[in-house]
Amino acid sequence: MNRTRLELAVLVFPDFNENFSVVDDLQTPESLPPFPEVQAATARKNPDLRAATSALQAANQEVAIAWNGFLPSLSLDYFYGIDANRFATRGVDPSTGLPIHNLGYSAAATLQLPIWDWGSNRSKLKQADLRRDQARVELSFAQRQLLANMRTFYNEAQAARQQLDSLSRSAELAADSLRLTTLRYQSGEATVLEVVDAQNTLNLARNAFNDGQARYRMAVANLQTLTGNF
């Protein structure tokens, strides 16, 4: 138990920290949400799907930028400052001796019309279209793969949950059988071998129930790798 606790500390915390407590909650398994809720959580929280969606959005922006190369562009530059050979707002004209203002401003407007670019804009647009098509294919594949994995993990968790209920009933029946066998033994109607057999049956049923609890938790954990915590 101590070794497993240390291994858990190494796995969970970024630094070695033993200040935590472990709670045995296998006796209270969490319920499995309906499949539509799991599907909505997967679409909202899955990192692979979000990455593929973001890649498609970026590819759409690249296509829009490539189309801008075919449109005219207008730029306006405005300059304001000191137009003199010294740092001063006022000066004197050496030829006339009159005061002058060193502060000035200017503006320039540039209009570019794309007429011929040797096919560079068309090549950029073609590359952007190809990257967008690739992003769409990758997004579609990610969605289909995610849906298949989600359905598989959900079915495994659902089957493990149903099996857990069956194993729980088996353990309860084995406990009742042991109780009745013990009463029969105390009244002289059963042998000690029957009591031992009932005890072994109860131990096997409890071990199977514990294994079923572990399988259900593992199936839920596999499902939560796609959906996040629920």
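Cut-offs and rules
Numbers given to residues run from 1 along each chain, matching the order in which its sequence is written. Side-chain atom pairs in this predicted model are given and counted only at pLDDT of 80 or more, local residue features only at pLDDT of at least 70, and totals for whole chains, interfaces and linings cover all residues. Side-chain figures throughout are based on the complete set of non-hydrogen atoms in the structure, without hydrogens or water. Elements are defined by DSSP. Helices are runs of H or I of four residues or more, strands are runs of E of two residues or more, and each kind is numbered from the N terminus. In this scheme, a residue with accessible area under 20% of its type's maximum is buried, one over 50% is exposed, and one in between is partly exposed, where area comes from a 1.4 Å probe on protein chains only. Here the aromatic set is Phe, Tyr and Trp, taking the six-membered ring for Trp, and pairing holds for ring centres within 6.5 Å; pairs whose planes are under 30 degrees apart are stacked, those over 60 apart are edge-to-face, and all others are tilted. Just to be clear on terms, a salt bridge is a Lys or Arg side-chain nitrogen sitting within 4 Å of an Asp or Glu carboxyl oxygen. Here an axis means a line fitted to C-alpha atoms, over the contact stretch when the element is a helix, while the angle between two N-to-C directions is reported on a 0 to 180 degree scale. To sort the angles, those under 35 degrees are grouped as roughly parallel, those over 145 as roughly antiparallel, those from 65 to 115 as roughly perpendicular, and the leftovers as oblique. Left-handed describes a crossing whose near helix is turned anticlockwise from the far helix by less than a right angle; the clockwise case is right-handed. Contacts are assigned to residue pairs that have any heavy atoms within 4.5 Å of one another. Classification used: nonpolar for Ala, Val, Leu, Ile, Met, Phe, Trp, Tyr, Cys and Pro, charged for Asp, Glu, Lys and Arg, polar for all others including Gly. Given a helix with a known number of residues, its expected span is that number minus one, times 1.5 Å. Regarding the arc, it is the one traced by the directions from the helix axis to the C-beta atoms. Definition of a polar contact: a pair of N or O atoms within 3.5 Å, with one able to donate and the other able to accept a hydrogen when the atoms are protein atoms, and with sequence-neighbouring residues admitted only if both atoms are side-chain atoms.

Concerning unusual backbone geometry
- In this structure, W118 takes a positive phi of about 60° despite not being glycine.
- Structurally, the position occupied by W118 is in the loop between β4 (103–112) and α4 (120–186).
- Residue classification places W118 among the exposed residues on the basis of a relative accessible area of 75%.

Points about the packing of aromatic side chains
- One pass over the structure, following the stated rule, counts five aromatic pairs.
- Measuring from ring centre to ring centre gives 5.3 Å for F35 and Y154, while their planes differ by 70°; the resulting arrangement is edge-to-face. With F35 in helix α2 (residues 35–45) and Y154 in helix α4, this pair connects stretches of sequence that are 119 residues apart. Summarising the burial analysis for this pair, F35 and Y154 share the class buried.
- Here the aromatic rings of W116 and W118 are separated by 5.7 Å at their centres, their planes lie at 65°, and the arrangement is edge-to-face. Judged on exposure class, the residue W116 and its partner W118 are both exposed.

A few points about the pattern of salt bridges
- Counted by the stated rule, this structure contains three salt bridges.
- For R132, the salt bridge identified is with D129, shortest N-O distance 3.3 Å. Note that R132 and D129 are positioned in helix α4 at a spacing of three residues, about one turn of the helix.
- The class for D129 is partly exposed, based on a relative accessible area of 22%.
- Between E194 and R184 there is a salt bridge, and its shortest N-O distance comes to 3.7 Å. Of this pair, E194 sits in helix α5 (residues 192–227) while R184 sits in helix α4, placing them 10 residues apart in sequence.
- Here E194 falls in the partly exposed class, since its relative accessible area comes to 35%.

A word on the packing of α2 against α4
- Between α2 and α4, the least distance of the axes is 11 Å, while the angle of their chain directions is 140°. Of the possible angle classes, the one that applies to α2 and α4 is oblique. The element α2 and its partner α4 pack so that their crossing is right-handed. The segment α2 lies against α4, with F35, V38, Q39 and T42 engaging L146, L147, M150, R151 and Y154.
- Looking at side-chain class alone, the contact of α2 with α4 contains six nonpolar, two polar and one charged residues.

Quick look at helix α3 (residues 47–68)
- Between the first and last C-alpha of α3 there are 32 Å, a value that for 22 residues agrees with the 32 Å anticipated at 1.5 Å per step.
- Within α3 the residues assigned to the buried category are L49, A52, L56, A59, V63 and A66. All buried residues of α3 project into a common sector of 105° when viewed along the axis, lining one side. For α3, the exposed residues lying more than 90 degrees away from the buried face are P47, R50, Q61 and I65.
- The secondary structure elements touched by the buried residues of α3 are α2 and α4.
- Measuring from the backbone nitrogen of D48 back to the side-chain oxygen at the start of α3 gives 3.2 Å, which picks out N46 as the cap.

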